[in-house]
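Examining the three-dimensional arrangement
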Amino acid sequence: MKISSADVIVTSPDRNFVTLKITTDEGVTGLGDATLNGRELAVASYLRDHVVPLLLGRDPHRIEDTWQFLYRSAYWRRGPVTMSAIAAVDVALWDIKAKLAGMPLYQLLGGASRHGALAYGHASGRDVPQLLDSVREHLELGFRAIRIQTAVPGLNKVYGVAAQPGVDGRYDYEPAQRTPLPVEEDWDTRAYLRHLPGVFEAVRNEFGPALPLLHDGHHRMTPIQAARLGRDLEPYDLFWLEDCTPAENQEALRLVRSHTVTPLAIGEVFNTVWDYQTLIREQLIDYVRSAVTHTGGITALRKVLDFAAQYQIKSGIHGPTDISPVGMAAALHLDLAIHNFGIQEYMRHGPRTAEVFRQSFTFTDGLLHPGDQPGLGVELDEQAAARFPYVPAYLPYSRLHDGTVHDW
Ligand code: CS2
Ligand code: MG
């Protein structure tokens with residue numbers, strides 16, 4: 001069997017997505033997600049111009065060899081663009097292999113280790129009453145774990161807070177805004193640190209001690225600020241505090257870890273195992289946040305999670321709306337199969353996305369399941385995709401009140 005064609009499909013129903021479709025000479029097709037929020041066209045070009053020509057004629061069964069060939073033959077290694085492109089190829093080949101085997105992909109990964117993957121949803125509010133309503137909406141939608149993000153008094157717009165709750169409570173804050181240039185937002189870490197503990201006290205008072213609550217610091221704190229927040233949130237027993245400080249400097253987490261027992265999750269902006277070396281080996285984190293889509297695919301992320309398992313670190317795969325339904329499906333198959341599963345982010349795509357991607361995963365009693373269709377269980381409607389051409393869209397960035405650019 002040989003790869004006879006590979007097409008890169010860029011579509012923008014509710015937001016931009018990049019999908020790779022690989023077709024074999026026997027007509028079997030596989031899909032891979034290559035969406036990189038704000039840099040979609042860079043990955044589309046990397047695939048079209050530098051990867052697709054290398055794939056034609058290759059045996060689609062040779063997934064590991066194709067991965068190693070694409071990683072090593074590029075010479076220039078790592079990085080989100082390269083690893084998202086390799087991920088799309090990897091996932092598409094796993095989709096093909098599972099379809100040929102007549103099995104859902106998780107069966108090829110060792111079969112189910114659980115009957116479903118605990119999901120968490122995104123509650124948010126401009127103030128505490130609105131936040132509590134958003135938590136209630138997500139509980140009614142069936143979520144059994146919930147991320148808490150709120151506005152901060154004195155700041156105009158803060159990451160993760162919906163402009164207004166969607167009609168069905170869907171988190172309607174698409175991080176990437178459809179503008180020709182990134183939008184500037186303001187930030188004040190001290191105001192945030194003063195405000196947040198009171199928010200969690202209000203949520204705990206309303207919903208009790210047991211509901212798993214998560215929070216995303218979104219890379220904005222220094223290590224000592226992160227240590228303080230982790231300590232200040234201990235009375236509210238978070239499931240995790242995410243991206244508490246920029247983690248290019250993995251050693252920074254030694255300081256945070258020495259001050260707090262709040263569990264830590266990091267890695268959605270990482271793209272290879274090397275980004276985690278110190279964090280995992282020194283047990284400086286509790287959850288690996290990488291998405292299949294940005295970390296070189298199922299082949300690579302499985303290896304990261306197996307490494308993490310040796311240190312009792314679990315998965316917390318990234319699942320915002322800028323991971324396409326194809327990337328989400330790949331995550332769910334991995335979630336079901338690995339032993340060291342932690343939790344799965346589920347931000348829920350907008351309504352038009354379902355016109356383009358026909359997916360078969362289910363969300364029941366707070367648990368996600370990829371379904372039992374052969375392969376990933378996702379089909380892409382190319383006619384529908386063509387109705388939604390790419391729209392320039394960028395993630396915001398932040399400046400402090402003195403004008404200094406800050407992490408968003
Ligand atoms: C966030 C993401 O879901 C999360 O944890 O960090 O929504 C992130 O802002 C986007 O994926 C960036 O594209
Ligand atoms: Mg995050």
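Figured I'd write up the structure that's included with this text. These numbers come from a predicted model, not from an experiment. (Residues numbered from 1 in each chain as written. Chains lettered and ligands numbered in written order. Predicted model: local features only at pLDDT ≥ 70, side-chain atom pairs only at ≥ 80, totals over all residues. Heavy atoms only, no water.)

Comments concerning the environment of Val51
- Tracing the backbone shows Val51 in helix H1 (residues 40–55).
- Through-space distance from the C-alpha of Val51 to that of Pro263 is 39 Å; in sequence the pair is 212 residues apart.
- Contact partners of Val51, with chain neighbours within four places excluded, come to Tyr46, Leu70 and Val89. (Helix = DSSP H or I, 4+ residues; strand = E, 2+ residues; numbered from the N terminus. Contact = heavy atoms within 4.5 Å.)

What about the layout of surface pockets?
- By volume, the largest pocket amounts to about 950 Å³.
- Lining of the largest pocket is provided by 36 residues; of these, His219, Glu268, Val269, Leu395 and Trp408 occupy positions nearest its centre.
- Considered class by class, the residues forming the lining of the largest pocket number 16 nonpolar, 8 polar and 12 charged.
- Looking at the lining of the largest pocket, you find at least three residues from each of domain 1 (3–104) and domain 2 (108–372).
- Considered as a void within the structure, the second largest pocket measures approximately 260 Å³ in volume.
- In this structure, the second largest pocket is lined by 15 residues; those nearest its centre are Trp67, Val273, Trp274, Ala300 and Lys303.
- Contributions of two or more residues to the lining of the second largest pocket are made by helix H2 (63–73) and helix H10 (298–309). (1 Å grid on protein atoms, 1.4 Å probe; cavity = no way out; pocket = protein on both sides within 12 Å on 5 of 7 lines; lining within 4 Å. Points joined across faces, edges and corners; volume = space filled by probe spheres on them. Nonpolar A, V, L, I, M, F, W, Y, C, P; charged D, E, K, R; others polar. Domains from an automatic or database assignment.)

Topic: the sheet that holds strand E1 (residues 3–11)
- Read across the open sheet, the 3 strands follow the order E1-E2-E3; overall the sheet is antiparallel. With one partner strand each, in any of the chains shown, E1 and strand E3 (29–33) form the two edges of the open sheet. Strand-to-strand twist across the sheet, computed as the mean angle between neighbouring axes with direction ignored, equals 20°.
- Pairing of strand E2 (residues 17–24) with E3, which is carried by 5 bridges, proceeds in the antiparallel orientation. From the neighbouring strand, Ile22 faces E3, where its bridge partner is Gly30.
- Against the sheet, H1 makes contact with E1 and E2, and its axis sits at roughly 175° relative to E1, the strand it touches most.
- Along the sheet, helix H11 (residues 325–337) contacts E2 and E3; its crossing angle with E3, the most-contacted strand, is approximately 95°. (Pairing = 2+ DSSP bridges. Axes fitted to C-alpha atoms, helices over the stretch in contact; angles between N-to-C directions.)

Structural notes on the coordination of the magnesium ion (ligand 2)
- Coordination of the magnesium ion (ligand 2) by the protein involves Asp216 (OD), Glu242 (OE) and Glu268 (OE), with metal-donor separations of 2.0 to 2.1 Å.
- Here the donor residues of the magnesium ion (ligand 2) share one chain and are spaced in sequence as D-x25-E-x25-E. Of the two residues, Asp216 is situated in strand E7 (residues 213–216) and Glu242 in strand E8 (residues 240–242); the sequence distance between them amounts to 26 residues.
- Using a relative accessible area of 3% as the deciding quantity, one classes Asp216 as buried. (Donors = N, O, S within 2.8 Å, 3.2 Å for Na, K, Ca; no water. Buried < 20%, exposed > 50% of the residue type's maximum accessible area, 1.4 Å probe, protein only.)

Re the nonpolar core
- Core analysis: the largest hydrophobic core is formed by 112 residues, its most contacted members being Ile22, Leu47 and Ile148.
- For this core, the leading source of residues is helix H3 (residues 80–101), giving 11 residues.
- Filtering out sequence-adjacent residues up to four positions away, Ile148 remains in contact with Ala123, Leu131, Val135, Val199, Phe200, Val203, Leu213, Leu214 and His215.
- Listed in part, the 8 residues of the second largest apolar core include Ala145, Trp240, Ala265 and Ile343. (Core = buried A, V, L, I, M, F, W, Y, C linked by side-chain atoms within 4.5 Å.)

Remarks on the pattern of salt bridges
- Counting across every chain of the model gives 25 salt bridges.
- Asp65 serves as the salt-bridge partner of Arg58, at 2.6 Å between the closest nitrogen and oxygen.
- Look at Arg58 and you get buried, because its relative accessible area is 16%.
- For Asp65, a relative accessible area of 32% translates into the label partly exposed.
- With a closest N to O distance of 3.8 Å, Asp232 and Arg231 form a salt bridge.
- Taken together, the shared-partner salt bridges in this structure form one network comprising Glu242, Glu268, Arg289 and Glu345. (Salt bridge = Lys/Arg side-chain N within 4 Å of Asp/Glu carboxyl O.)

Remarks on the site of ligand 1
- As a matter of local geometry, ligand 1 sits amid 15 residues, with Asn37, His218, Glu268, Arg289 and Glu345 nearest to it.
- Contact distances for ligand 1 include 2.6 Å between an oxygen atom and a side-chain N or O atom of Glu268.
- Note that an oxygen atom of ligand 1 is positioned 2.8 Å from one of the side-chain N or O atoms of Arg289.
- Protein burial of ligand 1: of its 340 Å² of free accessible surface, 95% is covered by the chains.
- Taking a 2 Å distance to the grid points as the criterion, the majority of the atoms of ligand 1 fall inside the largest pocket.
- Here the shell around ligand 1 is composed, by residue class, of 4 nonpolar, 4 polar and 7 charged. (Near = heavy atom within 4 Å. Polar contact = N/O pair within 3.5 Å; in protein donor to acceptor, adjacent residues only side chain to side chain. Areas by Shrake-Rupley, 256 points an atom, 1.4 Å probe, with all protein chains shown as cover. Sits in = over half its atoms within 2 Å of the grid points.)

Regarding the pairing of E2
- With 8 of its 8 residues buried, E2 lies for the most part within the structure.
- By the alternation rule, side chains of E2 split into Phe17, Thr19, Lys21 and Thr23 and Val18, Leu20, Ile22 and Thr24, which are all buried.
- Note: E1 against E2, 8 bridges, orientation antiparallel. Paired with Val10 across the bridge in E2 is Val18.
- In this structure, the hairpin formed by E1 and E2 is closed by a connection of 5 residues.
- Between E2 and the antiparallel strand that follows it, E3, lie 4 residues; Gly27 among them carries a positive phi value of about 85°.

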